[in-house]
Structure formats: C-alpha cells, structure tokens
Amino acid sequence: MGRFTYALNDGNAITIPSGSDRVTITVPEDAISFLIYAPATLNGTVTVYVEPTRPGTAFVPLQEGGVNVTIPQDVATQVQNRGFRQLQLRASLNQNAATNFRIAAHCETSSGV
C-alpha cells in the first residue's frame, strides 16, 4: 500500500462565498483523512457535515465522541473519513467576505505509490 497527501482543489483554496454559510467538497475515492485549515478571517465557527452518497443532499453533522466536529478560526483540524462521499463546511454565520480554507487529503492506494 502506498500513502500520500495532496491539497484538494489543486492547492487552491476551498471558498465559502461572501454572503453564504457553506461549501461542499466531493471526497476523493482514496482519501482516508483530511486536514482542514480554517482562516483567521472566519466569521464564527464551522461545523463539518457529511453525506454518504454522491450526489446526495442528506448532510448530517459529523461527530467524534458524541460531539459535533467544529473548527474555530485560525485552527487546523483533522477529520477521519469513515465512508462519506461528500464533506460540507457550514459556518455558524454568513461570511462577510469570501472565506478561504485549505484542505489536505491523506490518501492510501493499493498501487504502491
């Protein structure tokens, strides 16, 4: 098995648009975890939601130890992929300006990469 890490969206930021409170990300097939970097400019906090299908719309909050996974501003948080196909970042408040997140996917392949 090979393991590698790469930035989602070709290294470009994943953005919650100004006036919105969420952004949805399609999960790579081989991703086993993610490192999500929240910017210092985040208005409020972000809760991580997941959806088991693609394209599905029944997002539910991701929990660890019975608590919703939230990300405050200027913090990096690791999220384990437990079979979800989409990941959604939902801010507690609409964003006053475009809010850019960086997300790195940790992947595992059977090809020995």
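Residues numbered from 1 in each chain as written. Predicted model: local features only at pLDDT ≥ 70, side-chain atom pairs only at ≥ 80, totals over all residues. Heavy atoms only, no water.

(A) Quick peek at the overall build of the protein. Assigned secondary structure in the protein consists of zero helices and 12 strands. Residues counted as buried form 41% of the 113 residues belonging to the protein. Pairs at least 24 apart in sequence give 83% of the contacts found in the protein among residues at least 6 apart. Per element, the accessible surface of the protein, about 6,000 Å² overall, is 50% carbon and sulfur. (Helix = DSSP H or I, 4+ residues; strand = E, 2+ residues; numbered from the N terminus. Buried < 20%, exposed > 50% of the residue type's maximum accessible area, 1.4 Å probe, protein only. Contact = heavy atoms within 4.5 Å. Areas by Shrake-Rupley, 256 points an atom, 1.4 Å probe, with all protein chains shown as cover.)

(B) Expanded view of the nonpolar core. Formed by 25 residues in total, the largest nonpolar core has its most connected members in Phe34, Ile36, Val48, Leu87, Leu89 and Phe101. When residues of this core are traced back to their parent elements, those giving at least two are strand S2 (14-16), strand S3 (22-26), strand S4 (31-37), strand S5 (46-51), strand S11 (86-91) and strand S12 (99-109). In terms of residue count, S12 provides more of this core than any other element does, four residues in total. (Core = buried A, V, L, I, M, F, W, Y, C linked by side-chain atoms within 4.5 Å.)

(C) The pairing of S5, seen in detail. With six of six residues buried, S5 lies mostly within the body of the structure. On S5, burial covers both faces: Val46, Val48 and Val50 on one face and Thr47, Tyr49 and Glu51 on the other are all buried. Summarising the sheet, S5 and strand S9 (residues 70-71) pair through two bridges and their orientation is antiparallel. Counted as the bridge partner of Val46 is Ile71 from S9. Two strands pair when backbone bridges link them, and S5 and S11 are joined in this way by six bridges, in the antiparallel orientation. (Pairing = 2+ DSSP bridges.)

(D) Representation of the pattern of salt bridges within the structure. In total, this model carries four salt bridges according to the counting rule given. As a salt-bridge pair, Asp21 and Arg22 come within 3.0 Å of each other at their nearest N and O atoms. Take Arg22: its relative accessible area is 34%, and that puts it in the partly exposed class. Salt bridges sharing partners connect three or more residues here, namely Glu29, Arg54 and Arg85. (Salt bridge = Lys/Arg side-chain N within 4 Å of Asp/Glu carboxyl O.)

(E) Representation of unusual backbone geometry. Looking along the chain, the bond that leaves Arg54 and enters Pro55 is cis, with omega of 0 degrees. Mapped onto the fold, Pro55 is located in the loop between S5 and strand S6 (60-61). With a phi close to 60 degrees, Asp74 is a non-glycine residue in the positive phi region. Relative to the assigned elements, Asp74 resides in the loop between S9 and strand S10 (76-80).

(F) Highlighting the pairing of S11. Most of S11 is tucked away, with six of its six residues classed as buried. Covered by surrounding structure in S11 are Gln86, Gln88 and Arg90 together with Leu87, Leu89 and Ala91, the residues of both alternating faces.

(G) Quick peek at the confidence of the model for the protein. Residue-level pLDDT values for the protein average 85, and 86% of them are 70 or greater. The lowest-confidence element of the protein is strand S1 (residues 2-7), averaging 55 in pLDDT; the highest-confidence one is S6, averaging 96. (pLDDT = per-residue confidence, 0-100.)

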